[in-house]
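Architecture and fold: a report
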Amino acid sequence: MTVAVVTGASRGIGRAITQDLASRGHQVVAMARNRTALEALAREAAGDVVPIVCDVSDENAVNEAFAGLGDVDILVNNAGAATSNPVHRTTLTQWDEMLRVNATGPFLCTRAVLRGMRQRDHGRIVTIASVAGLSGGRYIAAYAASKHAAVGLIRVVAAEVRGSGVTANAVCPSYVRTAMTDNTVAAIEERSGGAAGSGEAILVAQMGLGRLIEPEEVAAAVAYLVSPAAAAVNGEVIVIDGGGGE
Ligand code: NAP
């Protein structure tokens, strides 16, 4: 049985990826900080899910968590956080927090599995970055910088594993229907003084797709990238945004 590690598995996109990979017969190690949510997921998933509490921004915690695992075939760097502020109001604390979770987290987890994958000449690494990892936008300096770093890391790993049985790719969605987007919607409503529900309409109006993306649509892209069919896909970015905004 192949072993897949999914970080940020306790809710949202990571939960959907975990359920999808487990239903395809992978053993999934589900990592996040919320033990209760991970244990509920392990009970509910249609497949083998092993919950492990781990803060991906903590070097010791990541090294300890991965040292306790056997060979890892698939790593999905999904854990992430978002914040919003104009650059001149972005605090160093916000900046550091975004980089720690969204960039250092994928670095630590990737480093923890890469040597073993290279030795076995087999492995798949996928990072859930964002369209904010490919271009800028208003009020997302810390988030966009951290996601650009995450995409940059994937491109470097892809270059280093080129020609081996290991691949490294990124998935970059626009707004997905999760708690993270709920927070964005709430912030828009607060800023605009709009009624409940108006924030989602404003977001969706910016998306050419005309609707939010569902977590399962991101999971489907991950399922492809970790499949044998994607053995020749390395260093790529799959953008899930319906073809762009406005
Ligand atoms: P979410 O609903 O807020 O879930 C975030 C997940 O990350 C949770 O499981 C959380 O679990 C985990 N997490 C956060 N900090 C962590 C840490 N330090 N260590 C370990 N786990 C941590 O967000 P989501 O929308 O599913 O986002 C998942 C990924 O997709 C993120 O990387 C996000 O940036 C990216 N993304 C999201 C969107 C969107 O519109 N939602 C768009 C593009 C990209 P615990 O709190 O239990 O630790």
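Look up a bit, the structure's there.
Throughout what follows, the structure given in this document is the object of discussion. Keep in mind that what you see is a predicted model, and the values were worked out from it rather than measured.

Below, the discussion takes up the overall build of the protein. In terms of helices and strands, the protein carries eight helices and seven strands. Once the C-alpha set of the protein is aligned to its principal axes, its extents read approximately 55 × 40 × 35 Å. In the protein, which comprises 246 residues, the share counted as buried stands at 47%. The long-range share in the protein, meaning contacts at least 24 apart out of those at least 6 apart in sequence, stands at 66%. Within the structure as shown, the protein displays about 11,500 Å² of accessible surface, and the carbon and sulfur contribution to it stands at 50%. Between the mean site of the 20 positive side-chain charges and the mean site of the 24 negative ones, the protein shows a separation of 3 Å.

Right, let's get into the site of the ligand. Taken together, 29 residues lie around the ligand, and S10, R33, Y143, V176 and T178 are the ones closest in. Within the backbone of I13, an N or O atom sits 2.8 Å from an oxygen atom of the ligand. Taking 880 Å² as the accessible area of the ligand by itself, protein coverage stands at 95%. Sorting the residues of the shell around the ligand by element identifies α1 (12–23), α5 (141–161) and α6 (179–192) as the ones contributing at least two each.

Moving on, we come to helix α3 (residues 59–67). The set of residues buried in α3 consists of V62, A65 and F66. All buried residues of α3 lie within an arc of 90° about the axis, which places them on one face of the element. Residues of α3 that are exposed and angled more than 90 degrees away from the buried face: N60, E64 and A67. Buried-residue contacts for α3 involve β1 (3–7), β2 (27–32), β3 (49–53), β4 (74–77) and α4 (92–120).

With five bridges connecting them, β2 and β3 associate as parallel partners. Note that in β3 the partner of V29 across the bridge is V50. Tracing the backbone out of β2, into helix α2 (residues 35–44) and back to the parallel element β3 gives a crossover that is right-handed.

Bringing the pattern of salt bridges into the picture now. According to the stated counting rule, one finds seven salt bridges in the structure shown. Two residues, R15 and E44, come together in a salt bridge whose shortest N-O distance is 2.6 Å. Within this pair, whereas R15 is found in helix α1, its partner E44 is found in helix α2, the two being separated by 29 residues in sequence. Classification of E44 as exposed rests on a relative accessible area of 51%. The salt bridge involving R211 is made with E217; its shortest N-O contact spans 2.9 Å. Taking relative accessible area as the criterion, R211 reaches 35% and is therefore assigned partly exposed. Each member of the salt-bridge network shares a partner with another, and the members are R177, E200 and E214.

With that settled, consider the environment of T178. Within the secondary structure, T178 is located in the loop between β6 (166–173) and α6. C-alpha of T178 to C-alpha of R11: the two residues are 167 residues apart in sequence and 8.0 Å apart in space. Not counting chain neighbours up to four residues away, the residues in contact with T178 comprise G12, I13 and P215.

With that out of the way, let us pick up the packing of α4 against α5. Relative orientation of the contacting elements α4 and α5 amounts to 15°, with a least axis distance of 8 Å. Regarding the angle of α4 to α5, the classification is roughly parallel. The handedness of the crossing between α4 and α5 is right-handed. Across from Q94, W95, M98, L99, N102, A103, P106, F107, T110, L114 and R118 in α4, the residues of α5 making contact are A141, A142, Y143, A145, S146, K147, A149, A150, L153, V157, E160 and V161. In terms of residue class, the contact of α4 with α5 is made up of 16 nonpolar, four polar and three charged.

Glancing now at the environment of P173. Structurally, the position occupied by P173 is in strand β6. In the structure, P173 is positioned 67 residues away from I240 in sequence and 4.4 Å away in space, judged by C-alpha atoms. Discounting residues that sit within four places of it in the chain, P173 has contacts with I128, A129, S130, V131, V218 and I240.

This next bit is on the packing of aromatic side chains. Each aromatic ring pair is characterised by the separation of its centres together with the angle its planes make. Within the structure shown, the criterion is met by zero aromatic pairs. Stacked on the ring of Y139, the Lys or Arg R191 has its end atom at 4.9 Å from the ring centre.

Thresholds, definitions, all that
Residues numbered from 1 in each chain as written. Predicted model: local features only at pLDDT ≥ 70, side-chain atom pairs only at ≥ 80, totals over all residues. Heavy atoms only, no water. Helix = DSSP H or I, 4+ residues; strand = E, 2+ residues; numbered from the N terminus. Buried < 20%, exposed > 50% of the residue type's maximum accessible area, 1.4 Å probe, protein only. Contact = heavy atoms within 4.5 Å. Areas by Shrake-Rupley, 256 points an atom, 1.4 Å probe, with all protein chains shown as cover. Lys, Arg positive; Asp, Glu negative; His and termini not counted. Charge placed at Lys NZ, Arg CZ, Asp CG, Glu CD. Near = heavy atom within 4 Å. Polar contact = N/O pair within 3.5 Å; in protein donor to acceptor, adjacent residues only side chain to side chain. Arc of directions from axis to C-beta. Pairing = 2+ DSSP bridges. Right-handed = clockwise from strand over helix to strand, strands pointing away. Salt bridge = Lys/Arg side-chain N within 4 Å of Asp/Glu carboxyl O. Axes fitted to C-alpha atoms, helices over the stretch in contact; angles between N-to-C directions. Parallel < 35°, antiparallel > 145°, perpendicular 65-115°, else oblique. Left-handed = near helix turned anticlockwise from the far one by under 90°. Nonpolar A, V, L, I, M, F, W, Y, C, P; charged D, E, K, R; others polar. Phe/Tyr/Trp six-rings, centres within 6.5 Å; stacked < 30°, edge-to-face > 60°. Lys NZ or Arg CZ within 6 Å of the ring centre and 35° of its normal.

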